[in-house]
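# Chains, contacts and geometry: an overview
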Amino acid sequence: QVQLVESGGGLVQAGDSLRLSCAASGGTFSGYGMGWFRQAPGKERGFVAAISWDGGFTYYADSVKGRFTISRDNAKSTVYLQMNSLKPEDTAVYYCARSSAPHYSSSYSYYYYTSSYSYWGQGTQVTVSS
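Definitions and limits used
- Residues numbered from 1 in each chain as written.
- Predicted model: local features only at pLDDT ≥ 70, side-chain atom pairs only at ≥ 80, totals over all residues.
- Heavy atoms only, no water.
- Pairing = 2+ DSSP bridges.
- Helix = DSSP H or I, 4+ residues; strand = E, 2+ residues; numbered from the N terminus.
- Axes fitted to C-alpha atoms, helices over the stretch in contact; angles between N-to-C directions.
- Disulfide = S-S within 2.5 Å.
- Phe/Tyr/Trp six-rings, centres within 6.5 Å; stacked < 30°, edge-to-face > 60°.
- Buried < 20%, exposed > 50% of the residue type's maximum accessible area, 1.4 Å probe, protein only.
- Lys NZ or Arg CZ within 6 Å of the ring centre and 35° of its normal.
- Patch = residues over 30% accessible without salt bridge, like charges linked within 9 Å, V, L, I, M, F, W, Y side chains within 5 Å.
- Areas by Shrake-Rupley, 256 points an atom, 1.4 Å probe, with all protein chains shown as cover.
- Salt bridge = Lys/Arg side-chain N within 4 Å of Asp/Glu carboxyl O.
- Core = buried A, V, L, I, M, F, W, Y, C linked by side-chain atoms within 4.5 Å.

### Some thoughts on the sheet that holds strand 3 (residues 18-25)
- What the 4 strands build is an open sheet, ordered 1-3-8-7; its pairing is antiparallel. Looking at the sheet topology across the chains shown, the edges are occupied by strand 1 (3-7) and strand 7 (68-73). Pairs of neighbouring strands in the sheet enclose a mean axial angle of 15°, with direction left out of account.
- Bridge count for strand 1 against strand 3 is 5 bridges, and the pairing is antiparallel. The residue of strand 3 that forms the bridge with L4 is A24.

### Comments concerning the state of the cysteines
- Tallied over the full model, the rule gives 1 disulfide.
- Residue pairing for C22: its cysteine sulfur links by disulfide to C96, the two sulfurs lying 1.9 Å apart. The S-S bond linking C22 to C96 shows a torsion near 50°; that makes this disulfide right-handed. Within this pair, whereas C22 is found in strand 3, its partner C96 is found in strand 9 (residues 92-102), the two being separated by 74 residues in sequence.

### Considering the packing of aromatic side chains
- Taken as a whole and judged by the stated rule, the model has 11 aromatic pairs.
- Considering the side-chain rings of Y110 and Y111, the 5.1 Å spacing of their centres and the 80° angle between planes classify their relative orientation as edge-to-face.
- By relative accessible area, which is 16% here, Y110 ends up buried.
- For Y111, a relative accessible area of 0% gives the class buried.
- Taken together, a centroid distance of 5.1 Å and an interplanar angle of 85° make the contact between Y112 and Y113 edge-to-face.
- Relative accessible area serves as the criterion here: at 39%, Y112 is assigned to the partly exposed category.
- Ring pairs connect the aromatic residues F37, F47, Y59, Y108, Y110, Y111, Y112, Y113, Y117 and W120, which therefore count as one cluster.
- The side chain of R45 reaches across the aromatic face of W120, ending 5.0 Å from its centre.
- Residue placement shows R72 over the ring face of F29; its charged tip is 4.5 Å from the ring centre.

### Some details on a nonpolar patch on the surface
- On the surface, Y108, Y112 and Y113 cluster together into a nonpolar patch covering about 310 Å² of accessible area.
- Structurally, Y113 is set in the loop between helix 1 (108-112) and strand 10 (117-120).

### Some words on the nonpolar core
- Membership of the largest hydrophobic core comes to 36 residues, with the highest contact counts inside it found for W36, L81, M83 and Y94.
- At 5 residues, the largest contribution of residues to this core is made by strand 5 (residues 46-51).

### Quick word on the pattern of salt bridges
- Tallied over the entire structure, the rule returns 3 salt bridges.
- Taking the shortest distance from any N to any O, the salt bridge between K65 and D62 comes out at 3.3 Å. D62 shares its class with K65; the two are exposed.
- Across the pair D90 and R67 runs a salt bridge whose closest N-O atoms are separated by 2.7 Å.

Encoded structure:
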């Protein structure tokens, strides 16, 4: 059974940076795309960023483009989300997820939807104060 464990969340001020990590275990990591989503209170879980199985393609929501960077280290079975210039509207629980389709790379519309992912972490809280 695949397990995903996020870490790195916390309380920061606007303009600060955080790096989230998501460590995978119990299954194949390197052959699958990975995504980050977030959910604020009272809102649906929404797409933040995704990376293809080989790291060759990355995708971002417009709201984070230019501020967030997704990366992966297949040797460590870990995906990262570097978040810079944080804003209060970035406050949410952040979830990582493993995609369902192995060795699938180039489609923003695929990675955008939660239904494209089979496994989810428990989430890590990010709070950005103004």
